[in-house]
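Each chain is listed here by its residues.
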Amino acid sequence: MEMFTSTPQAEKQMNSQSAFATSAPANYAPVNSPSQATSAATTSSFTNKNVALPQNRTSNQSVEQAFAPFANKMVEAGLPAAAIRMFRHYYTQLYRGETGFIDCQAAQPVESLPTVAELSSYADAGKAALAQTAVIKLNGGLGTTMGMEGPKSLITVKEGLSFLDIIVRQILYLRQSHEVDLPLILMNSFNTQQASAEALAHYPDLTQAVPYDFMQHRIPKIWQDDLGAVSWSENRQLEWCPPGHGDLYLALQTSGMLQQLLTAGYTYAFISNADNLGATVDLDILGYFAANKVPFLMEVAKRTAADRKGGHLAQNAEQGLILREVAQCPPEEMEDFQNIKRYAYFNTNNLWVHLPTLQTLLQEQEGVLDLPLIRNKKPVDPTDPESPGVYQLETAMGHAIALFPNAQALQIERNRFLPVKSTNDLLALWSDAYVLDADYQIRLNPERPSEEPPTVELDKRFYGLFADLQARFPHGAPSLVNCACFTVEGDICFDADVVFTGEIHISHPHAQPLHWVSEPT
């Protein structure tokens, strides 16, 4: 590894070159009766543990009395009855002191899974099923961890194109190549709907039989001290929060989108995050999913050290495959949770769902799929860590794997998982380490000496926010096509045409910013 430690000079020219488990496939088997549905759903939270209740909570107040202000607030906001029932379901768990923890005894490791490399014989079945398939992208995120306010999917990521631009072009390419009406549907939040609709208006060829989007619900935040409804006069919008992407299923139903898809003849849905450009319709996977009548298929990948804090796949004797997020791990078991040899697979959030089975499940449960509770502690104002604490109740859509009989998981390669969760990820994607192919697929540059992507670690103090990243890389990313590792500590502004190779670690511990210029030719 080549390491650079700067001197206190304001500008310095340096040479930046360096040396170098599942059930067997069966016929679709939705839950057959309300009693069975209740049994299948309620087991998902059987491992919840109780904790001490908030001291300021009125001890003799019933959950109905405590929930009444929330119900009134949601009715006034125009939320559907099913969304209110869902929120009451999880508020009741919180009120009773449940944490949503799943211990290691209930989350046993998954030893092995089928791989995508084994599915090449299903390509023709995938082509046949493509006309019955819809693509759904989770588009509710604002990129708040990078200091952004607008939709994250509108960030420019490659060749002047945003996430959403590239997604649309991927869809149009598939439509033209296979002569199908493949619809693109966005699950928007109240923060992203208008801007995303304006962006889609630039694509008049993107016509389809169903609407382009549906809305995620919103739910009230809850004071941590007394479990009351948050009132925040400084900004009423901060009284609300999204319920996590587990809301997808109910939002599909209450918006009417699920019925519209079924009426239009769509049977399968491929669902993924809008910030993961590796998540495209794969005909081998689609063919396997359709030919084997799998009701729910989760794409998972092997965990690495970088993934140890993320959620993992597990299995349970009663439920089969389950998903456990870090917020569901008891604190005393965190070391075991992060053991990537024991828990070898993580959920990429690329999911395939059989829509008729989903409709049956939602109808039998009156919209309340009992996905495990995720209780997040946050400040009421995310920009002010010292503001009063609230609970945000969330669910994750991957947890539905425990609710679909005969659900499966499939091991994929990491090229189908390219999320942008930080400015580190964004700079790597900006760079020439990745290329945008003619089919609008993002792939590692074939000229890279390694099949592994570059590891980028930027000093959060100076590069953690999107605006700061742009300010310090005003000419775009440096060349990383031959770079294995790029680490920067300190405040450095990079010039145009900078090339890094091998393993690079730059340290600038001084207060005065450093200007890094390219090597003269």
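What counts as what
Residues numbered from 1 in each chain as written. Predicted model: local features only at pLDDT ≥ 70, side-chain atom pairs only at ≥ 80, totals over all residues. Heavy atoms only, no water. Helix = DSSP H or I, 4+ residues; strand = E, 2+ residues; numbered from the N terminus. Buried < 20%, exposed > 50% of the residue type's maximum accessible area, 1.4 Å probe, protein only. Areas by Shrake-Rupley, 256 points an atom, 1.4 Å probe, with all protein chains shown as cover. Pairing = 2+ DSSP bridges. Axes fitted to C-alpha atoms, helices over the stretch in contact; angles between N-to-C directions. Contact = heavy atoms within 4.5 Å. Phe/Tyr/Trp six-rings, centres within 6.5 Å; stacked < 30°, edge-to-face > 60°. Lys NZ or Arg CZ within 6 Å of the ring centre and 35° of its normal. Salt bridge = Lys/Arg side-chain N within 4 Å of Asp/Glu carboxyl O. Expected span 1.5 Å × (residues − 1). Core = buried A, V, L, I, M, F, W, Y, C linked by side-chain atoms within 4.5 Å.

1. Considerations on the overall build of the chain
Then comes step 1: From N to C terminus, the chain includes 14 helices and 25 strands.
Then comes step 2: In the chain, which comprises 521 residues, the share counted as buried stands at 55%.
Then comes step 3: Carbon and sulfur atoms make up 48% of the accessible area of the chain, which amounts to about 22,400 Å² in all.

2. What about the sheet that holds strand β3 (residues 133-139)?
Then comes step 1: The seven strands lie next to each other as β7-β6-β3-β11-β15-β12-β18, forming an open sheet whose pairing is mixed. Edge positions in the sheet fall to β7 (213-215) and β18 (408-411), since each of these pairs with one other strand and no more. Pairs of neighbouring strands in the sheet enclose a mean axial angle of 25°, with direction left out of account.
Then comes step 2: Sheet topology note: the strand β12 (residues 296-302)/β18 ladder contains four bridges and is parallel. Bridge pairing links M298 to A409 in β18.
Then comes step 3: Set on the sheet, helix α5 (residues 163-178) makes contact with β3 and β6 (184-188); between it and β6 the angle comes to about 155°.
Then comes step 4: Strands β3, β6 and β7 of the sheet are contacted by helix α6 (residues 193-200), whose axis makes an angle of about 160° with β6.

3. Examining the packing of aromatic side chains
For any two aromatic rings, the description comes down to two numbers: the centre-to-centre distance and the angle of the planes.
Then comes step 1: Taken as a whole and assessed by the stated rule, the structure comprises 22 aromatic pairs.
Then comes step 2: Between F70 and Y91, the aromatic rings sit 4.8 Å apart at their centres with planes inclined by 45°, giving tilted as the arrangement. Placement of F70 in helix α2 (residues 63-76) and of Y91 in helix α3 (residues 81-95) is noted, with a sequence separation of 21 residues between them. Just as F70 is buried, Y91 falls in that class too.
Then comes step 3: Residues F87 and Y91 carry aromatic rings whose centres are separated by 6.4 Å and whose planes lie at 40° to one another, so their mutual orientation is tilted. Of the two residues, F87 and Y91 both sit in helix α3, four residues apart, roughly one turn of that helix.
Then comes step 4: Overall, the relative accessible area of 3% leaves F87 in the buried class.
Then comes step 5: One residue, R218, lies across the ring of W240, its end atom 4.4 Å from the ring centre.
Then comes step 6: Sitting over the face of the ring of F337, R303 holds its NZ or CZ atom 5.6 Å from the ring centroid.

4. Regarding the pairing of strand β22 (residues 479-490)
Then comes step 1: Counted residue by residue, β22 has nine buried out of 12 residues, so it is predominantly covered.
Then comes step 2: When strand β21 (residues 455-458) meets β22, the two strands line up parallel, connected through four bridges. Bridge pairing in β22 links L458 to V488.

5. Considerations on the sheet that holds strand β17 (residues 389-394)
Then comes step 1: With antiparallel pairing, three strands are arranged side by side in an open sheet as β9-β17-β16. Looking along the sheet, the strands with just one partner apiece sit at the ends: β9 (222-223) and β16 (374-379).
Then comes step 2: Pairing between β9 and β17: two bridges, direction antiparallel. Of the residues in β17, the one forming a bridge with W223 is V390.
Then comes step 3: Packing against the sheet, α3 makes contact with β9, β16 and β17, and its axis sits at approximately 125° to β17.

6. Notes on the pattern of salt bridges
Then comes step 1: In this structure the tally under the stated criterion is 14 salt bridges.
Then comes step 2: Across the pair D275 and K421 runs a salt bridge whose closest N-O atoms are separated by 3.0 Å. With a gap of 146 residues between them, D275 in the loop between β11 (268-273) and α9 (283-291) and K421 in the loop between β18 and α12 (423-430) connect regions that are remote in the sequence.
Then comes step 3: Residue classification places D275 among the buried positions, given a relative accessible area of 6%.
Then comes step 4: Shared partners join several salt bridges into a network, and the residues in it are K73, R236 and E239.

7. Describing α5
Then comes step 1: Along its 16 residues, α5 runs 23 Å from first to last C-alpha, staying within 8% of the 22 Å computed at 1.5 Å per residue.
Then comes step 2: By the burial criterion, the buried members of α5 are F163, L164, D165, I166, I167, V168, Q170, I171, L174 and R175.
Then comes step 3: Residue E179 follows α5 closely and has a positive phi angle near 55°.

8. What about the side chain of S189?
Then comes step 1: Structurally, S189 is set in the loop between β6 and α6.
Then comes step 2: Its relative accessible area of 4% is what places S189 among the buried residues.
Then comes step 3: Those residues in contact with S189, other than ones at most four positions away along the chain, are N139, G140, M215 and Q216.

9. Quick notes on the nonpolar core
Soluble globular proteins tend to pack their nonpolar side chains together in the buried interior.
Then comes step 1: Counting residues in each nonpolar core, the largest one holds 73 residues, and the members touching the most others are V281, F486, F494 and F500.
Then comes step 2: A total of seven residues in this core trace back to one element, the largest contributor, which is α5.
Then comes step 3: Formed by 69 residues, the second largest nonpolar core is a distinct cluster that contains A83, F214, I219 and Y345.

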